[in-house]
Amino acid sequence: MSTATQTIEQLASREYKYGFVTDVEQDSAPRGLNEDVIQLISAKKQEPTWLLDWRLKAYRTWLTMKEPTWGNVKYGPIDYQRIIYYSAPRKRPAVASLDEVDPEIRRTFEKLGIPLEEQKLLSGVAVDAVFDSVSVATTFKEKLAELGIIFCSFSEAVQNHPELVRQYLGTVVPYSDNFFATLNSAVFSDGSFAYIPKGVRCPMELSTYFRINARETGQFERTLIVAEEGSYVSYLEGCTAPMRDENQLHAAVVELVALDNATIKYSTVQNWYPGDREGKGGIYNFVTKRGKCLGASSKITWTQVETGSAITWKYPGCVLMGDNSVGEFYSVATTNNWQQADTGTKMIHLGKNTKSTIVSKGISAGHGQNTYRGLVKIAKGARGARNYSQCDSLLIGDQCGAHTFPYLEIKNSTARVEHEASTSKIGEDQIFYCRQRGLSTEDAVNMIVSGFCKEVFRQLPMEFAVEARKLLSVSLEGSVG
Amino acid sequence: MLKVTNLHAAVGGHEILRGINLSIDAGEVHAIMGPNGSGKSTLARALAGHPEYQVSEGEALFEGENLFAMDPESRARAGVFMAFQYPVEIPGVHNAYFLKAALNAVRAHRGQEELDAVEFMALVHDRMKQLGIDESLLNRPVNEGFSGGEKKRNEIFQMAVLEPRLAILDETDSGLDIDALKIVAHGVNAMRRPDRAFLLVTHYQRLLNYVVPDVVHVLADGRIVRSGGKELALELEERGYGWLEAGASVGS
């Protein structure tokens, strides 16, 4: 065992692979938050007055709100006046051609293994790259435009499609929704916007890579996806973040709207810096993601693989308004070392014969604490609603924790709700069995963990599933010795 | 091929093996028999490197290499295979995927190229046919929901794919019906080769009706109290272990 332990310790002490800082001239707002800063953000983005007003309303509401404390996570107080709420690369490149993108930024993307030109040529993935709050490159736009699909940065959407943004912004996550979403509504810097017209099946996976780069700059992304009647879109979101000593706040909002017979698949691989082995540093990830199945027989699927962040607080949910609409949530959350995750979903059944499925896989290692928190709500009018929930926890070692908080609110007697839960431990016997067949301890753990997560990985697009498996093994390095 | 000298081993601080001496040449089949608690399985697991079994004294040379200085995966890659008495379930991991990873780890150690999916499947189908094992086994998660017999057959199947130099079967025959027992025996017989050795740990003589051993050892109270040819197994079947155990305690 001792050799294996040493190998694993070496692996664990390896530095966070994506921890590097790109030197790009920054254009930042002063530290702290007040109405002037919000005016500045809005002015920098040349926003219409209605949007500035919306931001200010959010800000004034936020001032009256208290940071929530019900989550099963512990962290020191966040000083919101120390945060820089806006920063952008000064040389704002033209989006028309990749050649015009700042070479420094492109090198960063290459280090991350996402050379845009290659993706453009080979993978058929259109990438809207968000780099420090401003989009620097957008590909495949023309091809998508032929189909009437709009896929651009949020700021561009505000300029070019203000009527769409105005129609849907805040309709799923209102500006007063919760402390972090309200903060985001006041200060969001950029994000992505996608609009799929009636009857169009988006021919490629849409994807965005987020990356925190500027020192002490909170990230406040805002994403809005609207799928018109009978349309289909699959959206991928993946992130890595460079190493930091100070904690960084990340409070994103994602809103999805699916009209009659529309389908939205939203997949996330989250790998923000988790902090070091002593629990120092790491990203605080407080995210509000919600989809509205507005139309009949519409469907929204959330799939998330959460391996990073010091603290994860997110509950991607579905509001099932349309009759026969379907909501799904597939999640893998891992916590190693001192990471804490409080994550789950909310399925709100309003329409008739609405269906939801929840599959949650929590993996805890080291001193990690992993909480599943999920709400299934069946409203009075939701006749024939059905929910199936499955929450499994896997423990590695004996100092970590797994917690499950399922909430059920059922107001209609025709509802059928099932909940299954299990907790298991990776056994010494399982590891020995693999080693006796020639596999290293590390490979054995990876194999056992991917087997455990299989139902969720199956929901991810192929190339993402491969990446997710890799991330999982990196995030669990050093967990068995 | 394997030379064990004065092996002492303990589980949870409790000494089980008290000086085992054993020598197995390439091409031979040795059977280890003995009553419950005599240390048969401890011997198998100590040789395979199970972390709960501590070797306190003695050595085991495998092809001249000190086995106890190697971690379990290195022993496996060097060609030591153990068929488990209680094969472990690994939910969600396909048998084929698991076996391919294992085979490629072994092949990498031998300096052979990794097999791709097509080559691997060809090999696997060949072995399944040879052993008369149902192909549905491949697409099921490792041992999950397998019957006792299926688990043991799966062990033999893995052995056939991994092609070890030394195969240790830890009571693989226990709890099997006669058909499953024949499949296990057939697997061992089909794999006998001049450069491969087998160590069969068994409580009952019946496996030895189908696999004829070169040497039979009787273990009692952590020591080998008698070694002989295949006729020794028959004698045990007739007389039980009592007469040998009595001898062992007198000797100690």
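Note that this is a predicted model, so its numbers are computed, not measured.

Reading guide: rules and limits
- Residues numbered from 1 in each chain as written.
- Chains lettered and ligands numbered in written order.
- Predicted model: local features only at pLDDT ≥ 70, side-chain atom pairs only at ≥ 80, totals over all residues.
- Helix = DSSP H or I, 4+ residues; strand = E, 2+ residues; numbered from the N terminus.
- Rg over C-alpha atoms; globule rule 2.2 N^0.38 Å.
- Buried ≥ 20, exposed ≤ 12 C-beta atoms within 10 Å, placed from the backbone.
- Contact = placed C-beta atoms within 7 Å.
- pLDDT = per-residue confidence, 0-100.
- Pairing = 2+ DSSP bridges.
- Nonpolar A, V, L, I, M, F, W, Y, C, P; charged D, E, K, R; others polar.
- Axes fitted to C-alpha atoms, helices over the stretch in contact; angles between N-to-C directions.
- Parallel < 35°, antiparallel > 145°, perpendicular 65-115°, else oblique.
- Arc of directions from axis to C-beta.
- Core = buried A, V, L, I, M, F, W, Y, C linked by C-beta atoms within 7 Å.
- Left-handed = near helix turned anticlockwise from the far one by under 90°.

**Here's the deal with the overall build of chain B**
Across its full length, chain B holds eight helices and twelve strands. Taken against the 2.2 N^0.38 rule, which gives 18 Å for 252 residues, the C-alpha radius of gyration of chain B at 18 Å falls within 12% of a compact globule. Projected onto its principal axes, the C-alpha positions of chain B cover 60 × 40 × 35 Å. Residue burial in chain B is summarised as follows: out of 252 residues, 45% are buried. Partitioning the intrachain contacts of chain B with sequence separation of at least 6 by distance along the chain shows that 71% fall at a separation of at least 24.

**So, the confidence of the model for chain B**
Low pLDDT means the predicted atomic positions in that stretch should not be read closely. Looking at chain B, pLDDT values average 91 and 97% of them are 70 or higher. Note on the complex model: pTM 0.80, ipTM 0.95.

**Here we look at the pairing of strand β11 (residues 215-220) of chain B**
Residues and elements named next belong to chain B. Along β11, five of the six residues are buried, which leaves the element largely enclosed by surrounding structure. Direction of pairing for strand β3 (residues 29-33) relative to β11: parallel, over a ladder of four bridges. In the sheet register, methionine 33 faces β11, and the bridge partner there is valine 218. Here five bridges tie β11 to strand β12 (residues 223-228), and the two strands are oriented antiparallel to one another.

**What to know about the interface of chain B and chain A**
In this complex, chain B contributes 23 residues to the contact, which on the side of chain A involves 20 residues. Residue assignment for the side of chain B that touches chain A shows that the elements contributing at least two residues are α2 (72-78), β7 (90-94), α3 (95-109) and α5 (148-162) of chain B. Of the residues forming the side of chain B that touches chain A, the biggest block, five residues, is contributed by α3 of chain B. Classifying every residue of the side of chain B that touches chain A by side-chain character gives 17 nonpolar, three polar and three charged.

**Some points on the packing of α5 of chain B against helix α6 (residues 178-191) of chain B**
Pairs of packed helices are described in terms of their axes, by the angle between the two and the distance that separates them. Residues and elements named next belong to chain B. Here α5 crosses α6 at 10°, and the two axes come no closer than 9 Å. As judged from the angle between their axes, α5 and α6 are roughly parallel. Listed contacts from α6 to Gly149, Lys152, Arg153, Ile156, Met159 and Ala160 of α5 are Ala180, Ile183, Val184, Gly187 and Met191. When its residues are assigned to classes, the contact of α5 with α6 shows seven nonpolar, two polar and two charged.

**Topic: helix α2 (residues 35-44) of chain A**
Residue and element names in this part refer to chain A. For α2, the full list of buried residues reads Val37, Ile38, Ile41 and Ser42. Down the axis of α2, the buried side of the element spans an arc of 135°, and every buried residue falls inside it. Exposed residues lying more than 90 degrees from the buried face of α2 are Asp36 and Ala43. Contact partners of the buried residues in α2: α3 (49-63) and α9 (179-187). Glutamine 46 lies just past α2 and shows a positive phi near 50°.

**Here's the deal with the sheet that holds strand β2 (residues 14-24) of chain B**
Backbone hydrogen bonds hold the strands of a sheet together, and the pairing may be parallel or antiparallel. Across the sheet, four strands lie side by side as β2-β1-β4-β5 (chain B); this open sheet has antiparallel pairing. The strands lining the two open edges of the sheet, one partner per strand, are β2 and β5 (65-66) of chain B.

**A short note on the nonpolar core**
One finds Ala227 and Ala258 of chain A together with Ile168 and Leu200 of chain B to be the most contacted residues of the largest nonpolar core, which totals 192 residues. Once residues within four sequence positions are removed from consideration, alanine 227 of chain A is found in contact with Ile196, Val233, Val257, Ala258, Leu259, Ala262, Thr263 and Ile264 of chain A.

**With respect to the confidence of the model for chain A**
Residue and element names in this part refer to chain A. Taken over all residues, the pLDDT of chain A has a mean of 82, while the share at 70 or more is 78%. Element-level mean pLDDT values for chain A span from 41 in helix α5 (residues 116-123) up to 98 in strand β16 (residues 317-320). Predicted confidence is poor over residues 131-138, with pLDDT under 50, and the contacts of this stretch with residues over four places away or in other chains come to 38 contacts. Taken as a whole, residues 209-217 scores under 50 in pLDDT and shows 31 contacts with residues more than four places along the chain or in a different chain.

**Focus on the packing of α3 of chain A against α9 of chain A**
All names here are of chain A. Running from amino to carboxyl end, α3 crosses α9 at an angle of 145°, the nearest separation of the two axes being 7 Å. When you trace α3 past α9, the crossing you get is left-handed. Contact residues: α3 offers Arg55, Ala58, Tyr59, Thr61 and Trp62, while α9 offers Thr182, Leu183, Ser185 and Ala186.

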